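# Observations on chain architecture
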Amino acid sequence: MAEPSYVPVLPARPSARKAYALLEPAARAATAPLWVLPSRGPATRRHPVRETLDELARTRGGGPAWVDTRGAESDADPRPVEEALREVLARTALRPVTGPERPVRQQDACAAAAAAGGDGLGLRIVPAALADERLATRLHHLLPRLAGLPVDLLLDLGAVHDRHRHGLAEKSALTALALLGPLRDWRTVAVLAGSCPGADAVPDDYGAPFAEAERYDWDLWHFLVRSPDGRRPRLTYGDYGAGHPRSTDQPAAPGGGPPWGLLRLTGERTFLLGKVPTRGDAHAADVRRAAAALVDTEDFEEAPHSEAREWLRACATGRGREGAGHPGVWVWAAHNQHLTFVVHQLRRLDRLDPLDPRHPSHPAHPPHPFRRAA
C-alpha cells in the first residue's frame, strides 16, 4: 500500500468525516487522516467507541488511516476500548495508535489489532515527553514488543501559533528525530503541528472583514525538510487541518456552544479568519458578509476546486437565513477546503526546485500573526 503524502489530525466527528468524505478522489487518495476520538463529555454516559470506529472504517478511502482512542481511554473501565481495538480494528485496515505513556494493556491491544489487521500501527510521540526518563525507558521496552509489525512514527508537536513556539518546535523536532530516527526502520515519519487559531484567539479588534494568521506549521515542516541530515527518513507533512489542536479531543460544548464561530480560508502562507456570530437575528447577514470578503481575495481565486469552495461562494451570494450555515457546516467547509489546498501545495512542491522563488519554502518575511486585511 502506498504511503500518504499528507497526514492531518482530525477529530472523529461528523463535520470532519464529511470534510474528508467529500474530497475529490485524487486528494482523498493522498490524504491519510489521524482520527482522534474526542473525550467523553460530562453529560455523556458512555463513549460510542465501536460505533465511531465502524463509521471511520466506512469513511476511510483507499489509502491508510490511523485512529487514536486516547479520549475514550480516560474512562474508568478500560476494557470496552481495549475490546473494540482488538475486535473492530482487527477487521479493518485502520491503524491503531499507541505511545510510550499509554497503559501496557492499551499497547498490547493495539499490537494485537495491528497484527490481526495486517497493516501495522502508529506510535504517537510528543517530543517533550522524551525528556522524562520514565517515558524514554517505556519506549525502549515498547519497541521490542512491536517487532515484526510495520510502525509509523507520528511526531506530535502540538500547537505552533507564534514565532516563539515555532522556534521551540524546531529545536524539539530536530532533537526528537535524531533520537528516534535510528531506533528502527519506520514505515512513515509524519511531523504533526497545528497553527490555526480558534475563535477565542482572534482579537475582538482584529479589523474587518477578516484576520490573517501565519501558517507556522507549514513553515516548520519546510525548515525540517531543509535541515541537512542524510540519515533521516523522508518526513511526511502533517497538521491539524483547519482546526486548533485543542479542538481535536475536546468534548462537544454543552448548552449550544459558544456565541462566536469562524469562517476559514486556507491560503499560501496564512489562514484567513472571519469571526461570525452563531446566533441572533442578524447572524446570517454577518456570515454572508464574512463569506463575501473571503471570496473576494486572491487566495480564494487561486484555491483549487472543492466542495467547500463552492459552498463558500454560494453562501456569499445567497439571501436570507437559508444556506448561511452553522458551526458544524463552517467546520466541515474549513477542513474540506484546507485538505484540498494542502494536497495541491504538496503536489506543486514535487514539481518545483526548492531554489525556485515560487517555492513556498523560499525565504520570505512572514506576516504578523494577526493583521488587518487590505
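What you see is a predicted model, and the numbers here were worked out from it, not measured in a lab.

Bringing the overall build of the protein into the picture now. Tallying secondary structure elements over the protein gives 12 helices and 11 strands in all. Counting only contacts in the protein whose residues sit at least 6 apart along the sequence, the fraction spanning at least 24 positions is 78%. As presented, the protein carries roughly 16700 Å² of accessible surface, and 55% of it is formed by carbon and sulfur atoms.

Together, D296, E298, E301 and E302 give the surface a local cluster of negative charge. Structurally, E298 can be placed in helix α10 (residues 298–302).

With respect to the helices, strands and loops of the structure, V7 is situated in strand β1 (residues 6–11). Residue V7 is classed as buried on the basis of its relative accessible area of 0%. Here the alpha-carbon distance between V7 and V189, two residues 182 residues apart in the chain, equals 10.0 Å. Ignoring any residue separated from it by four or fewer positions in sequence, one finds V7 in contact with A32, L34, W66, A190, L192, T236, Y237, G238 and D239.

On to the packing of helix α1 (residues 14–21) against helix α12 (residues 327–351), then. The geometry of α1 relative to α12 is characterised by a closest axis approach of 8 Å and an angle of 35° between their N-to-C directions. With respect to the hand of their crossing, α1 and α12 are arranged in right-handed fashion. Here α1 contributes S15, A16, K18, A19 and Y20 to the contact with α12, which in turn contributes G328, V331, W332, H335, N336 and L339. The residue makeup of the contact of α1 with α12, split by class, is 6 nonpolar, 4 polar and 1 charged.

With that settled, the discussion passes to the side chain of E212. Structurally, the position occupied by E212 is in strand β8 (residues 211–214). What makes E212 buried here is its relative accessible area of 11%. For E212, the side chain forms a polar contact with the side chain of T270, separated by 2.9 Å.

Attention now moves to the packing of helix α7 (residues 163–180) against helix α8 (residues 216–226). The interhelical angle for the contact between α7 and α8, taken along N-to-C directions, is 35°, at an axis separation of 10 Å. Relative to α8, the crossing made by α7 is right-handed. Residues R163, H166, A169, E170, A173 and L174 of α7 form the contact with α8, whose participating residues are Y216, D219, L220, F223 and L224. Tallied by class, residues from the contact of α7 with α8 come to 7 nonpolar, 1 polar and 3 charged.

Spatially, β8-β11-β10 is the arrangement adopted by the 3 strands of the open sheet, whose pairing is antiparallel. At either end of the open sheet lies a strand with only one pairing partner, and these are β8 and β10 (260–266). Between one strand axis and the next, the sheet turns by 35° as a mean value, whatever way the strands run. Where β10 lies against strand β11 (residues 270–277), 7 bridges are found, and the strand directions are antiparallel. Each residue of the ladder has a partner; that of T266, found in β11, is F271. In the packing of helix α9 (residues 283–295) onto the sheet, the strands contacted are β10 and β11, and the crossing angle to β11 comes to about 165°.

Our focus in this paragraph is helix α6 (residues 133–145). In this model, α6 (13 residues) spans 19 Å end to end at C-alpha, consistent with the 18 Å of a helix rising 1.5 Å per residue. Those residues of α6 not exposed but buried are L135, L139, L142 and L143. The buried residues of α6 all sit within an arc of 100° when viewed along its axis, so they share a single face. Away from its buried face, by an angle of more than 90 degrees, α6 presents the exposed residues E133, R134, H141 and P144. Those residues of α6 that are buried lie in contact with α5 (104–117), β5 (121–125) and α7. Measuring from the side-chain oxygen of the N-cap residue of α6 to the backbone nitrogen of R134 gives 2.9 Å; that N-cap residue is D132.

Residues W35, L37, L53, V67, L123, L180 and L346 are the most contacted members of the largest nonpolar core, which totals 62 residues. Counting 24 residues, the second-largest nonpolar core is a separate cluster that includes F210, V276, W311 and L312.

Of note, Q345 is situated in helix α12. You can call Q345 buried: its relative accessible area is 0%.

Enumeration according to the criterion identifies 5 aromatic pairs in this entry. Between Y20 and W35, the ring centres sit 5.9 Å apart and the planes meet at 80°, which makes this aromatic pair edge-to-face. One end of the pair, Y20, is in helix α1; the other, W35, is in strand β2 (residues 34–36), with 15 residues separating them in the sequence. In this structure, Y20 and W35 share a single accessibility class: buried. Look at W221 and Y237: their rings are 5.4 Å apart centre to centre, the planes differ by 65°, and that puts the pair in the edge-to-face class. In this pair, W221 is assigned in helix α8 and Y237 in strand β9 (residues 235–239), connecting sequence segments 16 residues apart. Counting every residue linked through ring pairs, the aromatic cluster contains Y6, W218, W221 and Y237. Between the NZ or CZ atom of K275 and the centre of the ring of W260, over which it lies, the distance is 5.6 Å. One Lys or Arg, R309, reaches over the ring of F300 and ends 4.3 Å from the middle of that ring.

Calculation criteria
- Residues numbered from 1 in each chain as written.
- Predicted model: local features only at pLDDT ≥ 70, side-chain atom pairs only at ≥ 80, totals over all residues.
- Heavy atoms only, no water.
- Helix = DSSP H or I, 4+ residues; strand = E, 2+ residues; numbered from the N terminus.
- Contact = heavy atoms within 4.5 Å.
- Areas by Shrake-Rupley, 256 points an atom, 1.4 Å probe, with all protein chains shown as cover.
- Patch = residues over 30% accessible without salt bridge, like charges linked within 9 Å, V, L, I, M, F, W, Y side chains within 5 Å.
- Salt bridge = Lys/Arg side-chain N within 4 Å of Asp/Glu carboxyl O.
- Lys, Arg positive; Asp, Glu negative; His and termini not counted.
- Charge placed at Lys NZ, Arg CZ, Asp CG, Glu CD.
- Buried < 20%, exposed > 50% of the residue type's maximum accessible area, 1.4 Å probe, protein only.
- Axes fitted to C-alpha atoms, helices over the stretch in contact; angles between N-to-C directions.
- Left-handed = near helix turned anticlockwise from the far one by under 90°.
- Nonpolar A, V, L, I, M, F, W, Y, C, P; charged D, E, K, R; others polar.
- Polar contact = N/O pair within 3.5 Å; in protein donor to acceptor, adjacent residues only side chain to side chain.
- Pairing = 2+ DSSP bridges.
- Expected span 1.5 Å × (residues − 1).
- Arc of directions from axis to C-beta.
- Core = buried A, V, L, I, M, F, W, Y, C linked by side-chain atoms within 4.5 Å.
- Phe/Tyr/Trp six-rings, centres within 6.5 Å; stacked < 30°, edge-to-face > 60°.
- Lys NZ or Arg CZ within 6 Å of the ring centre and 35° of its normal.

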